[in-house]
Structures are given as structure tokens and as C-alpha cells.
Amino acid sequence: MATWDDVASIALGLPDTTEELAWGSRHWKVHGKGFVWERPLRKSDLKALGDGAPEGPILGARVEHLVAKEALLADPSGVFFTTPHFDGYPAVLVLLDEIDGDGLDEVIVEAWLARAPKRLADDYLASR
């Protein structure tokens, strides 16, 4: 089970990353662009999801493009989901209580790579 401390540790371990508080939630940004954030469900989300609305902490994460989003949403683990608020937007929601450490690391790094400036991302990948 992942925690917000795990999210912060992974995100802040990536180059040029900052943590900010916005709308009462933690947001992590690379070079000023958000890539992961706390995303509690709103009333409209709960209404859209109905009885299937998950409980617990939810991480919002950018993805490279809508094809990547669809691939994550098709993952049989059920860790990834979306709401109508994110229709047409390259981001997924992640059940933080249900994702393992390796999966969380992958989601955060991929979100960071999707938002980082190309040179920064290339330098990071070359250093791995």
C-alpha cells in the first residue's frame, strides 16, 4: 500500500521537481508543470461513479497521451480509473491504497517524463 510520503519521496527525487499546495491538495511539478497531485473525488465525480466510487486516497497523474491513458485504464489490476472530468485529457486517477511500490514509481516517473522539458528528460534517462 502506497502513501503520500511515498509519492513525495519519489516525485521529489526527480530533477527540477517542486511540491506546492494548491486548492488544499499537494501538487508536484517539474519545471513549473504539474505531473502528479492529490485528487480527492468531488461531488460530480461521486455522482458519475455512483455506487462504484472508490474510497481512500487518490493520485492524479499525467500521461503522455490519450492512447497511454486508455492502456492504463485497460489494466486488469483495477488500480487506474477516470471520471468524466478528465474526458479528453491525458491523465488518470490512481487508487493509492491499491498500487504497489514499483507501480507507483513507474506512474510517477512516466508522468514526470510526460511533462519535463525534453533535454531534462533525456538527461534523466541517460543517467539511469
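Residues numbered from 1 in each chain as written. Predicted model: local features only at pLDDT ≥ 70, side-chain atom pairs only at ≥ 80, totals over all residues. Heavy atoms only, no water.

> When you look at the environment of I10 in this model, what are you seeing that I'm missing?
Along the polypeptide, I10 turns up in helix α1 (residues 4-12). Among the residues examined, I10 registers a relative accessible area of 18% and is labelled buried. In this structure the C-alpha to C-alpha distance between I10 and L96, which are 86 residues apart in sequence, comes to 14 Å. Apart from the residues lying within four places of it in its own chain, the contact partners of I10 are L104, D105 and I108. (Helix = DSSP H or I, 4+ residues; strand = E, 2+ residues; numbered from the N terminus. Buried < 20%, exposed > 50% of the residue type's maximum accessible area, 1.4 Å probe, protein only. Contact = heavy atoms within 4.5 Å.)

> It is not clear to me how the nonpolar core should be interpreted in this structure. Could you clarify?
Buried together is how nonpolar side chains tend to be arranged in soluble globular proteins. Grouped together as the largest cluster of nonpolar side chains are 30 residues, with contacts concentrated most on V7, F35, V36, I99, L104, I108 and W112. Per-element accounting of this core gives the leading share, seven residues, to helix α4 (residues 101-115). Beyond its immediate stretch of four places on either side in the chain, V7 contacts W28, V36, L59, L96, L104 and I108. In this structure, A53, I58, F86 and L93 belong to the second largest nonpolar core, which totals nine residues. (Core = buried A, V, L, I, M, F, W, Y, C linked by side-chain atoms within 4.5 Å.)

> Looking at this structure, how should I read the pattern of salt bridges?
Opposite charge on two side chains lets them pair, provided their charged atoms get close. With the rule as written, the count across this model stands at four salt bridges. The residue D45 makes a salt bridge to R39 at a minimum N-O spacing of 2.6 Å. Across the pair, exposure class does not vary: D45 and R39 are buried alike. The partner of K118 in a salt bridge is D122, and the shortest N-O contact between them spans 2.8 Å. One end of the pair, K118, and the other, D122, are both in helix α5 (residues 118-127), four residues apart, so they sit about a helical turn from each other. (Salt bridge = Lys/Arg side-chain N within 4 Å of Asp/Glu carboxyl O.)

> Looking at this model, I keep getting lost on the pairing of strand β3 (residues 33-38). Mind explaining?
Along any regular strand the residues' side chains alternate between the sheet's two faces. Note: strand β2 (residues 25-30) against β3, four bridges, orientation antiparallel. The partner of V30 across the bridge, within β3, is K33. Once β2 ends, the chain turns through two residues before running back antiparallel as β3, passing H31 with a positive phi of about 50°. (Pairing = 2+ DSSP bridges.)

> Could you clarify how one ought to interpret unusual backbone geometry in this entry?
Peptide bonds are, in most cases, trans, and in most cases residues other than glycine have a negative phi. Even without a glycine there, the phi angle at D16 is positive, about 55°. On the secondary structure map, D16 appears in the loop between α1 and β1 (17-22). Note on D16: relative accessible area 40%, which makes it partly exposed.

> I'm lost on a negative patch on the surface in this one. Help?
A cluster of acidic side chains, namely E64, D100, D102, D105, E106 and E110, defines a negative patch on the protein surface. Within the fold, E106 resides in helix α4. (Patch = residues over 30% accessible without salt bridge, like charges linked within 9 Å, V, L, I, M, F, W, Y side chains within 5 Å. Areas by Shrake-Rupley, 256 points an atom, 1.4 Å probe, with all protein chains shown as cover. Lys, Arg positive; Asp, Glu negative; His and termini not counted. Charge placed at Lys NZ, Arg CZ, Asp CG, Glu CD.)

Fair warning: the whole summary comes from geometry, so function is off the table for now.
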